[in-house]
Amino acid sequence: MLIGHAFEEGVLHLSLPGDLALTSRSAADLEAQALALAHRPRLVRVQLSTADPSPASLSVLSRVRRFCENVRIPLTVVGPVRAAAAPLRE
């Protein structure tokens, strides 16, 4: 699989690699669509793995957004997870 995924409480969590190659774009899009059709989630949540995703990753995101609109599944997109900063000591 090109994309990571999990299904919890009706939410399909997809993780797009930030360095997805153009040659893998269609396969990643088809994986996302197949997962959405198989799970029939109430929401799709896409996690970008980097603050500067590749053009292919952005293309897949756009295709997933269009697919979700067509099948009327809400979509949310979140940026990369950052490690929590250590609390400042005085």
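- The name given to the protein chain in an unreviewed UniProt entry is STAS domain-containing protein, with Streptomyces hydrogenans as the source organism.

## Digging into helix 1 (residues 25-39)
- Along its 15 residues, helix 1 runs 21 Å from first to last C-alpha, staying within 8% of the 21 Å computed at 1.5 Å per residue.
- The set of residues buried in helix 1 consists of Ala28, Asp29, Glu31, Ala32, Leu35 and Ala36. The buried side chains of helix 1 occupy one side of the element, clustering within an arc of 160° when seen end-on. Across from the buried face of helix 1, at angles greater than 90 degrees, the exposed residues are Leu30 and Ala38.
- In this structure, the buried residues of helix 1 make contact with strand 1 (4-8), strand 2 (11-16) and helix 2 (55-71).
- Once helix 1 ends, the next one or two residues include Arg40, with phi positive near 45°.

## A closer look at helix 2
- Here helix 2 is 17 residues long and its end C-alpha atoms lie 25 Å apart, about the 24 Å a rise of 1.5 Å per residue gives.
- Residues of helix 2 that are buried: Ala56, Ser57, Ser59, Val60, Leu61, Val64, Phe67 and Cys68.
- Where helix 2 is buried, its residues meet strand 2, helix 1, strand 3 (43-48) and strand 4 (75-78).

## Thoughts on the pairing of strand 2
- Looking at chain direction, strand 1 and strand 2 are connected through 5 bridges and run antiparallel. Looking at strand 2, one finds that His5 is bridged to Leu14.
- Between strand 1 and strand 2, which pair antiparallel one after the other, the connecting turn spans 2 residues, and Glu9 there sits at a positive phi close to 50°.
- Of the pairings in the sheet, the one linking strand 2 to strand 3 comprises 6 bridges and is parallel in character. The residue of strand 3 that forms the bridge with His13 is Arg45.

## Here we look at the sheet that holds strand 2
- With mixed pairing, the 4 strands of this open sheet are ordered in space as 1-2-3-4. Of all the strands in the sheet, just strand 1 and strand 4 have a single pairing partner and so form its edges. Direction aside, neighbouring strands of the sheet carry axes that sit 20° apart on average.
- Each of strand 1 and strand 2 is contacted by helix 1, which is oriented at about 170° to strand 2, the strand it contacts most.

Reading the values: rules and limits
Residues numbered from 1 in each chain as written. Predicted model: local features only at pLDDT ≥ 70, side-chain atom pairs only at ≥ 80, totals over all residues. Heavy atoms only, no water. Helix = DSSP H or I, 4+ residues; strand = E, 2+ residues; numbered from the N terminus. Expected span 1.5 Å × (residues − 1). Buried < 20%, exposed > 50% of the residue type's maximum accessible area, 1.4 Å probe, protein only. Arc of directions from axis to C-beta. Contact = heavy atoms within 4.5 Å. Pairing = 2+ DSSP bridges. Axes fitted to C-alpha atoms, helices over the stretch in contact; angles between N-to-C directions.

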